[in-house]
Amino acid sequence: MLSKSQARTFFLGGTIITFAIFLGLSWNSLSNDVPKQTNPQNLNEQVVRGKHLWESNNCMGCHTIFGEGAYYAPELTKVFERRGEGYIKAALMAKTPWAPRGRKMVAYGFSDAEAADLVEFFKWVGEVDLNGFPPKPDVSR
Amino acid sequence: MKYQSQKVAYWFFAAAILLLSLQIVYGFIMGFAHMGYDGLHSVIPFNTARAVHTNLLVVWILLGFMGAAYYIIPEEAQQELVSVKLAYIQLISFLLVGVVAIIGYHLNYWEGRKFLEIPRPLDWLVVVNVLTFLGIILATLYKGKKRTTTSLVLVMGLVFAALLYLPGMIWFDNQTMDSFFRWWVVHLWVEGVWELIMGGILAFLLIKLTGVDREVIEKWLYVIVGLTFLSGILGTGHHYYYIGVGKIWLIVGGIFSMLEPLAFLAMALFAVGMYRKGEKKHPNKLALYWTLGTAILSFTGAGLLGMAHTLPQVNMYTHGTLVTAMHGHLAFWGAYGMIVFSFITYALPNLTGRKLYDTVNGQLAYWLSNIGMLGMTAAFGVAGVAQVYLERKTGLEFGAVQQEIEVHFFVLVINATLFATGITMFIVEFFRFGKPNDEALGFEERMQKA
Ligand code: HEM
Ligand code: HEM
Ligand SMILES: [Fe+2]
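What counts as what
- What you see as residue numbers is a count from 1 along each chain, following the sequence as written.
- Each chain gets a letter, beginning with A, and each ligand a number, beginning with 1, in the order they are written.
- Restriction of local features to residues with pLDDT of at least 70 applies here, the model being predicted, together with a cutoff of 80 or more for giving and counting side-chain atom pairs; totals for whole chains, interfaces and linings are based on all residues.
- Neither water nor hydrogens contribute to the side-chain values; these are computed over all heavy atoms in the structure.
- Per the convention used, a helix needs a DSSP run of H or I reaching at least four residues, while a strand needs a run of E reaching at least two, with both numbered from the N terminus.
- The size measure is the radius of gyration over C-alpha atoms, and the globule rule it meets is 2.2 Å times the number of residues to the 0.38 power.
- Burial status follows relative accessibility: with a 1.4 Å probe on protein chains alone, a residue under 20% of its type maximum counts as buried, one over 50% as exposed, and anything between as partly exposed.
- Residues belong to a common nonpolar core when they are buried Ala, Val, Leu, Ile, Met, Phe, Trp, Tyr or Cys residues joined through side-chain atoms within 4.5 Å.
- Whether two residues are in contact is decided by their heavy atoms, any of which lying within 4.5 Å being enough.
- Each salt bridge in this description consists of a side-chain nitrogen of Lys or Arg and a carboxyl oxygen of Asp or Glu lying within 4 Å of one another.
- Because no water is among the atoms considered, metal sites can look incomplete, with donors defined as N, O and S atoms within 2.8 Å of the metal, or 3.2 Å for Na, K and Ca.
- Geometry assignment treats four donors as tetrahedral when all angles are between 85 and 135 degrees, treats four as square planar and six as octahedral when opposite donors are over 155 degrees apart and all others between 65 and 115, and treats everything else as irregular.
- One less than the residue count of a helix, multiplied by 1.5 Å, gives the span that helix is expected to have.
- Here, proximity means that at least one heavy atom of the residue falls within 4 Å of the molecule or strand.
- Between N or O atoms, a polar contact is any pair within 3.5 Å; within protein, one atom must be a potential hydrogen donor and the other a potential acceptor, and residues adjacent in sequence are included only when both atoms are from side chains.
- Under the convention adopted here, Pro, Cys and the residues Ala, Val, Leu, Ile, Met, Phe, Trp and Tyr are nonpolar, Asp, Glu, Lys and Arg are charged, and Gly plus all remaining residues are polar.
- To obtain each axis, a line is fitted to C-alpha atoms, and for helices this fit is confined to the stretch in contact; angles are then taken between N-to-C directions over 0 to 180 degrees.
- Roughly parallel here means an angle under 35 degrees, roughly antiparallel means over 145, roughly perpendicular means 65 to 115, and every remaining angle is called oblique.
- Here is the rule for handedness: rotate from the far helix to the near one, and if that takes an anticlockwise turn smaller than a right angle the crossing is left-handed, while a clockwise turn gives right-handed.

Observations concerning the overall build of chain A
Along its length, chain A carries four helices and two strands. What you see in chain A, going N to C, is helices and strands ordered as α-α-β-β-α-α. Relative to the 2.2 N^0.38 estimate, which gives 14 Å for 141 residues, the radius of gyration of chain A is 21 Å and therefore markedly larger than a compact globule would have. By the burial criterion, 48% of the 141 residues in chain A qualify as buried.

With respect to the nonpolar core
Residue and element names in this part refer to chain B. By size, the foremost hydrophobic cluster in this structure holds 207 residues, and its most contacted members are Trp60, Phe65, Trp189, Trp194, Ile201 and Phe343. Examining the composition of this core, we find that 23 residues originate from one element, helix 6 (residues 175–210), more than from any other. Setting aside residues up to four positions removed in sequence, Trp60 forms contacts with Ala16, Leu19, Leu20, Gln23, Trp333, Gly337, Val340 and Phe341.

Examining the pattern of salt bridges
Evaluation of the coordinates by the stated rule reveals 23 salt bridges over all chains. Of the charged contacts in the structure, one is a salt bridge between Glu68 of chain A and Arg182 of chain B, with a shortest N-O distance of 3.1 Å. With one member in each of two chains, Glu68 of chain A in strand 2 (residues 68–69) and Arg182 of chain B in helix 6 form a pair that bridges those chains. Classification of Arg182 of chain B by relative accessible area gives buried; the value is 2%. Between Lys89 of chain A and Glu85 of chain A there is a salt bridge whose closest N-O contact spans 3.6 Å. Of the two residues, Lys89 of chain A and Glu85 of chain A both sit in helix 3 (residues 79–93), four residues apart, roughly one turn of that helix.

A short note on the environment of Val185 of chain B
Residues and elements named next belong to chain B. Note that Val185 resides in helix 6. Look at Val185 and you get buried, because its relative accessible area is 1%. Sequence separation between Val185 and Leu250 is 65 residues, and the spatial gap between their C-alpha atoms is 20 Å. What Val185 contacts, discounting residues up to four positions off in sequence, is Leu116, Leu164, Tyr165, Pro167 and Gly168.

Digging into the coordination of the iron atom of ligand 2
Residue and element names in this part refer to chain B. Only His53 (NE2) and His329 (NE2) from the protein reach the iron atom of ligand 2 as donors, at distances of 2.0 Å. Metal-centred angles of 86 to 179 degrees between the six donor atoms at the iron atom of ligand 2 mark the site as octahedral. Of this pair, His53 sits in helix 2 (residues 46–77) while His329 sits in helix 12 (residues 322–352), and the two are 276 residues apart along the sequence.

Remarks on the environment of Val252 of chain B
Checked against the element boundaries, Val252 of chain B lands in helix 8 (residues 248–259). Note on Val252 of chain B: relative accessible area 14%, which makes it buried. In this structure the C-alpha to C-alpha distance between Val252 of chain B and Lys7 of chain B, which are 245 residues apart in sequence, comes to 46 Å. When near neighbours in sequence (up to four residues on either side) are disregarded, Val252 of chain B contacts Leu25 of chain A together with Leu234 of chain B.

Regarding helix 1 (residues 4–37) of chain A
When the terminal C-alpha atoms of helix 1 of chain A are compared, their 46 Å separation across 34 residues agrees well with the 50 Å that a helix rising 1.5 Å per residue should span. Among the residues trailing helix 1 of chain A, Asn39 of chain A stands out with phi positive, at a value near 45 degrees.

A look at the coordination of the iron ion (ligand 3)
Residue and element names in this part refer to chain B. Within the protein, His187 (ND1), Glu191 (OE), Glu191 (OE), His238 (NE2) and His239 (NE2) serve as the donor atoms for the iron ion (ligand 3), at 2.1 to 2.8 Å. Positions of the donor residues of the iron ion (ligand 3) along the chain correspond to the pattern H-x3-E-x46-H-H. Separating the iron ion (ligand 3) from the iron atom of ligand 1 is a gap of 4.4 Å. Of the two residues, His187 sits in helix 6 while His238 sits in the loop between helix 7 (214–235) and helix 8, which places them 51 residues apart along the sequence. Judged by relative accessible area, which is 0%, His187 ranks as buried.

A few points about the site of ligand 1
Residues and elements named next belong to chain B. Near ligand 1, the surroundings consist of 26 residues, among which Lys114, Asn315, His319, Thr324 and His327 are the closest. For ligand 1, an oxygen atom lies 2.8 Å from a polar atom in the side chain of Asn315. A distance of 2.7 Å is found between an oxygen atom of ligand 1 and a side-chain nitrogen or oxygen belonging to Thr324. Contributing elements (two or more residues each) for the shell around ligand 1: helix 6, helix 9 (261–277), helix 10 (285–307) and helix 12. Considering each element in turn, the shell around ligand 1 owes the most residues, six residues, to helix 12. Its residues placed into classes, the shell around ligand 1 shows eleven nonpolar, eleven polar and four charged.

Some remarks on the packing of helix 10 of chain B against helix 12 of chain B
All names here are of chain B. One way to put it is that helix 10 packs onto helix 12 with a least axis distance of 8 Å and a crossing angle of 160 degrees. Comparing their axes, helix 12 and helix 10 come out roughly antiparallel. When the axes of helix 10 and helix 12 are compared, the crossing they make is left-handed. Here the contact of helix 10 with helix 12 is built from residues that sort into 15 nonpolar, eleven polar and no charged.

Regarding the site of ligand 2
Near ligand 2 you find 26 residues, and of these Tyr71 of chain A together with His34, Arg50, His53 and His329 of chain B are the closest. At ligand 2, the nearby residues belong to more than one chain, namely chains A and B. Note that a nitrogen atom of ligand 2 is positioned 3.4 Å from one of the side-chain N or O atoms of Gln23 of chain B. The contact in question runs from a nitrogen atom of ligand 2 to an N or O atom on the side chain of His329 of chain B, over 2.8 Å.

Printed below as a string of structure tokens:
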């Protein structure tokens, strides 16, 4: 039967080996995949300001982006493609809660410039190569 | 209880269950909002309720872990904690940081990254606090007579958990990089180092409750934590499928995360096996119930329900839907909520010297909370599957789908009420024990002889 010291060797060995592989793969992703898939050349100041607004207002507390966040409000990865600039800005600049189907969004009342920053952020987000996510609906009705 | 300084654990447990009750209140707010009753929207919008709900969750679980460590380490190392005063200061300051963060969430002051909403300046206070905690634990272990495997695994988990908090504090302009490192905290915590903490606590409980030889238990502990890291580290890849990094993760993440349930299965087999092997009859039956329940529900919630959506082909459709919330609830409760409850149930009589074993209230608390949580899981699951089908397969619009599935949140709230009733009874029992005291020294040993 397995002895305690063999069990310990299994633990330490497995950990060290998988952790080394994990670091290697992560390194590869950050240095090769991120430049190819995320268009860093388009990450201008406006996009970064948009990301900042996205975070400092905790938009992820209701929405998802890249499928990460909360499940109370729509996925926004492809929102620019789906709705376009005008619609997005209207929702962001509204002084009373935006509520297309009765479910309310916080009325942020962003300025025109802030809303434009967020739109740029969404544009950048929408162009990231996500290996096929979000899926295209495929059941014809 | 064998050492006076272990008493500090009681206050960590008291704080933990209080924060849990507040967490539940915010859970109800969200449950109702999903049903269409969002009357509190102008005061507590959904994102506030959610940040409070999940942050309180993490904080009360951590308080439970810390309390357990303050109880376990003196007994394992045969050494009083080096400073009880510092431990109290650490508790109070931790709570203060938590309260400030939560008030901030009501005033739109946060850093909206899921689970890591605490703003950067407060992060630094958390770091100082956790270093204090680790300082006390490590110094006690260092001064102590013994360094057992159980205590080493527990402490290793705590130290790594602290280290892994740091990648979450780096600022990135690129959302993909942001997400990439966020998972070093979130995933490597719950599917990595927290399992070490859980394994350490579980081993301690099984040694005490079943009386099986320590050498046997600790050997299996190594196997379990070995399986955890072997699968869990590369399993991080299941969060890298669709965030803007390469397709290699679809293969690596898929294969290794499919192996992750093995660690939870091993824990379940281990707990049940030791229970059947054990000859000692410990009077605290309820603690044994909770311990076995943890082992089984963690396998169900984390292992099976995690596996259900971890393959890239499935996750493509379920990613970021209520299916995730289904798994999140039973996994967090079944593994970490329940291990904390197991430990509290085990430790309370020993800390207070009260012989309130196996009471009716205690039994009811156990069954109501667990049945309620299973019902909640089912409600989230049905809502989630319906959402995936309607939204991701047929292409119905998000808002329209949400209206279709409102009814499942009614079921959720009913089950949440059962759950909350169970938790209330647990809290009532908790306070019936009274305060920890020095007369309780040696209580557990006296009870076992009797
Ligand atoms: C006790 C252990 C576990 C806990 C507490 C836990 C909890 C969670 C939580 C809270 C999330 C949502 C995270 C977020 O979106 O930010 C999540 C996601 C996920 N978990 Fe777990 N989990 C555990 C174990 C597992 C295991 C063992 C597996 C696989 C076998 C697994 C598979 C997944 C997957 C695939 C996702 C991503 C869902 C998505 O794409 O939206 N989990 N887990
Ligand atoms: C009365 C009880 C509870 C209710 C009604 C409730 C309800 C909810 C709701 C509605 C959400 C938000 C889903 C969304 O983003 O749309 C949520 C999130 C969450 N809750 Fe609860 N909850 C309760 C108790 C608990 C407990 C006891 C735990 C853990 C032990 C827990 C862990 C979580 C987690 C981890 C999330 C984030 C899930 C994710 O993002 O995938 N909840 N809860
Ligand atoms: Fe994970």
